[in-house]
Amino acid sequence: MDKLKVLFHVNEPARWQRVLLNIINFIKDVGSDNAEVEVVANGDGVLAYYGQSSATGETLAQMQNLAQEGIKFTACRNALNMHNLDEHKLPPFVTPVSAGITEIARKQAQGFGYIKP
Amino acid sequence: MDKLKVLFHVNEPARWQRVLLNIINFIKDVGSDNAEVEVVANGDGVLAYYGQSSATGETLAQMQNLAQEGIKFTACRNALNMHNLDEHKLPPFVTPVSAGITEIARKQAQGFGYIKP
Amino acid sequence: MDKLKVLFHVNEPARWQRVLLNIINFIKDVGSDNAEVEVVANGDGVLAYYGQSSATGETLAQMQNLAQEGIKFTACRNALNMHNLDEHKLPPFVTPVSAGITEIARKQAQGFGYIKP
């Protein structure tokens, strides 16, 4: 069976807990070998990567655990610039992308489903 | 012409009225024979199936009418468990699914469009 | 390379600024020749076309600039009727569609990605 490919879009800090819980339940349901998951954060969504806003250290620890299971986390460079955030200070498991919207468009063109929790 | 296949994602109780109105207008526009519609409720979205939260009896009556026209309603089992809701008390027109996110991913892989009202 | 095709869905007035910024950054990133972008406004999202709600004249000016670069703006006729808005008073760059949901479903069936900012 083909892997189920899903992209999660996060542009509001308050949604992170929901997104991470959704991913955890999804992986538990289908098995990490059967899923390919990417999270694209843009807008205020990127703040959580820096422990700012409502995101606690626990949120970052959950992200890191998921990254170790193969979940890909990305950050929109426009959003980082808008918030004066240094991409070199991103957690090591986060990959910056030139524009979050481009990443979302490309992944859908490659067969990823889109989910906005 | 192929049927237009659409999946609606509801994870907040306040969005139900909008979702149901969207579906009613969509069916009126294309005709129920030309559409295949599924609603996936997860998170707090499942509360409406039990008449809890902002969902009134009228909301449930509207859902039931739509179910009779062939609209499929599903509920995420993780969300039911999280809210201590008994799936055997779901309205008869609602089908529980093991994980809402899996259902959303699978349907998109099968060619359904995704809409988050 | 095929054009990246993206549909933006707006049903809340407060999201317009984010949507327009997303589109500007996207076009800057991939180049307008490599993108096909459509915005579908339904629900309260259509108010901005009339300068009502939180949308200022600047918002409309930004939309017009983007329309000149080839971005397509549409308005759901059901939403116009619900708000007693005259479609003949829409800005000239906005195209009314019979139902926003139908437009969103059709475009996804034609290979457009979906983004809900």
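See the structure printed just above.
Analysis parameters
Residues numbered from 1 in each chain as written. Chains lettered and ligands numbered in written order. Predicted model: local features only at pLDDT ≥ 70, side-chain atom pairs only at ≥ 80, totals over all residues. Heavy atoms only, no water. Contact = heavy atoms within 4.5 Å. Salt bridge = Lys/Arg side-chain N within 4 Å of Asp/Glu carboxyl O. Helix = DSSP H or I, 4+ residues; strand = E, 2+ residues; numbered from the N terminus. Buried < 20%, exposed > 50% of the residue type's maximum accessible area, 1.4 Å probe, protein only. Buried area = accessible area lost by both parts, 1.4 Å probe. Polar contact = N/O pair within 3.5 Å; in protein donor to acceptor, adjacent residues only side chain to side chain. Nonpolar A, V, L, I, M, F, W, Y, C, P; charged D, E, K, R; others polar. Least-squares fit on C-alpha atoms with pLDDT ≥ 70 in both. Pairing = 2+ DSSP bridges. Axes fitted to C-alpha atoms, helices over the stretch in contact; angles between N-to-C directions. Phe/Tyr/Trp six-rings, centres within 6.5 Å; stacked < 30°, edge-to-face > 60°. Right-handed = clockwise from strand over helix to strand, strands pointing away. Parallel < 35°, antiparallel > 145°, perpendicular 65-115°, else oblique.

## A short note on the interface of chain C and chain B
Taken together, the contact between chain C and chain B spans 17 residues of the former and 16 residues of the latter. Counting the contacts that link chain C with chain B gives two salt bridges. Two residues, R15 of chain B and E12 of chain C, come together in a salt bridge whose shortest N-O distance is 3.5 Å. Of all the secondary-structure elements, those providing two or more residues to the side of chain C that touches chain B are α3 (77-82) and α4 (100-109) of chain C.

## Focus on the pattern of salt bridges
Residues and elements named next belong to chain C. Using the criterion set out here, one finds 18 salt bridges over all chains in the structure. Notably, a salt bridge pairs R77 with E87, separated by 2.7 Å at the nearest N-O pair. Placement of the pair is R77 in helix α3 and E87 in the loop between α3 and β4 (94-97), with a sequence separation of ten residues. By relative accessible area, which is 27% here, E87 ends up partly exposed.

## Regarding the interface of chain C and chain A
Facing the 16 residues of chain C at the interface are 17 residues of chain A. Of the roughly 1,300 Å² buried between chain C and chain A on both sides combined, carbon and sulfur atoms contribute 58%. Put simply, chain C and chain A have two salt bridges between them. Of the charged contacts, one joins R18 of chain C and E12 of chain A as a salt bridge, the two residues approaching to 4.0 Å between their closest N and O atoms. The tally of links between chain C and chain A comes to five residue pairs in polar contact (both at pLDDT 80 or more). Contributing elements (two or more residues each) for the side of chain C that touches chain A: β1 (4-10), α1 (16-30) and β5 (113-115) of chain C. Take the side of chain C that touches chain A: its biggest share by element is seven residues, from α1 of chain C. For the side of chain C that touches chain A, the per-class residue count stands at nine nonpolar, three polar and four charged.

## Quick look at the relation of the copies chain C and chain B
Screw-axis analysis of chain C against chain B gives a translation of 0.0 Å along the axis, an RMSD of 0.0 Å, and a rotation angle of 120°. Interpreted geometrically, this transformation is the action of a three-fold axis. The share of interface residues of chain C whose copies in chain B are also at the interface is only 12%, consistent with the copies meeting through different surfaces.

## Details of the sheet that holds strand β3 (residues 72-76) of chain A
Residue and element names in this part refer to chain A. Judged by pairing direction, the sheet is parallel, and its five strands sit side by side in the order β4-β3-β2-β1-β5 without closing on themselves. Every other strand in the sheet has two partners, leaving β4 (94-97) and β5 (113-115) as the edge strands with one partner each. The mean angle between the axes of side-by-side strands here comes to 25°, regardless of whether they run parallel or antiparallel. Sheet topology places strand β1 (residues 4-10) next to strand β2 (residues 35-41); seven bridges connect them, and they run parallel. Residue pairing in the sheet places H9 in a bridge with V40 of β2. The strands touched by helix α1 (residues 16-30) are β1, β2 and β3; relative to β2, the strand with the most contacts, the crossing angle is about 175°.

## Describing the relation of the copies chain C and chain A
The two copies are related by a screw motion: chain C maps onto chain A through a turn of 120° and a shift of 0.0 Å along the axis, at an RMSD of 0.0 Å. In this assembly the copies use different faces: only 12% of the residues contributing to the interface of chain C also contribute to that of chain A.

## Considerations on the packing of aromatic side chains
Residues and elements named next belong to chain A. One pass over the structure, following the stated rule, counts twelve aromatic pairs over all chains. Each ring, one from F73 and one from F93, has its centre 5.6 Å from the other, and the planes form 75°; the classification is edge-to-face. One end of the pair, F73, is in strand β3; the other, F93, is in the loop between α3 (77-82) and β4, and 20 residues separate them in sequence. Note on accessibility: F73 and F93 belong to one class, buried. Here a set of aromatic residues connected by ring pairs shows up, and it is made of W16, Y49, F73 and F93.

## Section: the pairing of strand β3 (residues 72-76) of chain B
Every regular strand shows the same layout, with side chains that alternate between the two sheet faces. Residue and element names in this part refer to chain B. The buried fraction of β3 amounts to four of the five residues, a majority that puts the element mostly inside the structure. Sheet topology places strand β2 (residues 35-41) next to β3; four bridges connect them, and they run parallel. For A41, the partnering residue across the bridge sits in β3 and is A75. Relative to strand β4 (residues 94-97), β3 runs parallel, the two being bridged by four bridges. Considered in β4, the bridge of C76 is made with V97. Assessed by its sense of winding, the connection that carries the chain from β3 through helix α3 (residues 77-82) to β4 is right-handed.

## What about the packing of helix α4 (residues 100-109) of chain A against α1 of chain C?
One way to put it is that α4 of chain A packs onto α1 of chain C with a least axis distance of 8 Å and a crossing angle of 75°. Here α4 of chain A lies roughly perpendicular to α1 of chain C, going by the angle between them. Contact residues: I101, T102, A105 and R106 of chain A in α4 of chain A; N22, F26, D29 and V30 of chain C in α1 of chain C.

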